[in-house]
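# Descriptive analysis of the structure
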Amino acid sequence: MFRSLALAAICLPMGAAAACYGDAGTPLFHCTVEGGKTEIRVCLQDSAAYYAYGPPGRAPDIVFSRHVQDIHMTPWPGISRTYWEELAFANGAFEYRIHHSFDRNGELPQDGTLTVTRNGLQIAELTCAAGTVSTADFSPLFDAKEESGQCWSFDSRSWGRCP
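Cut-off values and rules
- Residues numbered from 1 in each chain as written.
- Predicted model: local features only at pLDDT ≥ 70, side-chain atom pairs only at ≥ 80, totals over all residues.
- Heavy atoms only, no water.
- Helix = DSSP H or I, 4+ residues; strand = E, 2+ residues; numbered from the N terminus.
- Buried < 20%, exposed > 50% of the residue type's maximum accessible area, 1.4 Å probe, protein only.
- Areas by Shrake-Rupley, 256 points an atom, 1.4 Å probe, with all protein chains shown as cover.
- Pairing = 2+ DSSP bridges.
- Axes fitted to C-alpha atoms, helices over the stretch in contact; angles between N-to-C directions.
- Salt bridge = Lys/Arg side-chain N within 4 Å of Asp/Glu carboxyl O.
- Phe/Tyr/Trp six-rings, centres within 6.5 Å; stacked < 30°, edge-to-face > 60°.
- Lys NZ or Arg CZ within 6 Å of the ring centre and 35° of its normal.

It is worth spelling out the overall build of the chain at this point. For the chain, the count of helices and strands is two helices and twelve strands. Along the chain, helices and strands appear, N-terminal first, in the series α-β-β-β-β-β-β-β-β-β-β-α-β-β. The buried share among the 163 residues of the chain stands at 46%. In the structure as shown, the chain presents an accessible area of about 8200 Å², 52% of it carried by carbon and sulfur atoms.

A few words on the pairing of strand E3 (residues 48-54). On a regular strand, each side chain points to the face opposite its neighbour's, so the side chains alternate between the two faces of the sheet. Counting buried positions along E3 gives seven out of seven residues, so the element sits mostly inside the fold. Across seven bridges, strand E2 (residues 38-45) lies against E3 in antiparallel orientation. By the bridge assignment for E3, Ile40 is matched with Tyr53.

Let us now look at the sheet that holds strand E5 (residues 72-74). Strand pairing in a sheet relies on backbone hydrogen bonds, with the paired strands running either antiparallel or parallel. The strand order E5-E6-E7-E8-E9 describes an open sheet built from five strands, whose pairing is antiparallel. Strands at the two margins of the open sheet, each flanked by one partner only, are E5 and strand E9 (121-127). For this sheet the average axis-to-axis angle between neighbouring strands, irrespective of direction, equals 15°. Where strand E8 (residues 111-118) meets E9, six bridges bridge the pair, whose relative direction is antiparallel.

Moving on: the pattern of salt bridges. Taken as a whole and judged by the stated rule, the model has five salt bridges. Across the pair Glu86 and Arg97 runs a salt bridge, and its minimum N-O distance is 3.0 Å. Residue Glu86 is found in strand E6 (residues 82-91), and its partner Arg97 is found in strand E7 (residues 94-103); the two are separated by eleven residues along the sequence. Residues Glu95 and Arg97 are paired through a salt bridge, measuring 2.9 Å at the closest nitrogen-oxygen approach. With a relative accessible area of 24%, Glu95 lands in the partly exposed category. Take Arg97: its relative accessible area is 22%, and that puts it in the partly exposed class.

The strand order E4-E3-E2-E1-E10 describes an open sheet built from five strands, whose pairing is antiparallel. Either end of the sheet is taken by a strand with one partner, and the two such strands are strand E4 (62-67) and strand E10 (135-136).

Let's shift gears to the packing of aromatic side chains. Counting across every chain of the model gives twelve aromatic pairs. Look at Tyr51 and Phe64: their rings are 5.3 Å apart centre to centre, the planes differ by 35°, and that puts the pair in the tilted class. Within this pair, whereas Tyr51 is found in strand E3, its partner Phe64 is found in strand E4, the two being separated by 13 residues in sequence. Considered together, Tyr51 and Phe64 belong to a single accessibility category, that of buried residues. Through a chain of ring-to-ring contacts, the aromatic side chains of Tyr51, Phe64, Phe89, Phe94 and Tyr96 assemble into a single cluster. Between the NZ or CZ atom of Lys145 and the centre of the ring of Trp159, over which it lies, the distance is 4.8 Å.

As structure tokens, this is what we get:
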């Protein structure tokens, strides 16, 4: 079912897919799902964030980018022993929401999920396989959003224009 979402994606040329591989871009998130058959990658390059979903070592089934101002990101609020962040890419009627968390005391493993909605209704939720979250740091995206003129308000829990 999830692979059929590839038809709905706005795909970019393979040069765009390369943004999340090798030395290109800053990795923000990576894990595998579906028993290692599929990987999820998110990276930042210049003022764009890239989302890629597909088989490891091959061309992604879905890949697209959005300007950093168009990515919804919820940073960790700075309280609790669980550190977490979340970001979401809109792509037409679809939204791809990536969430990761880890226990700051190191007592619980790091985890990650991908939730896909279409027109606001959840159609898929994939959990990263245990131990496969190899990259999970959205702080470069936070910095890029600020550099683009957006500032996070912890009071309203939203992004707005910087003063």
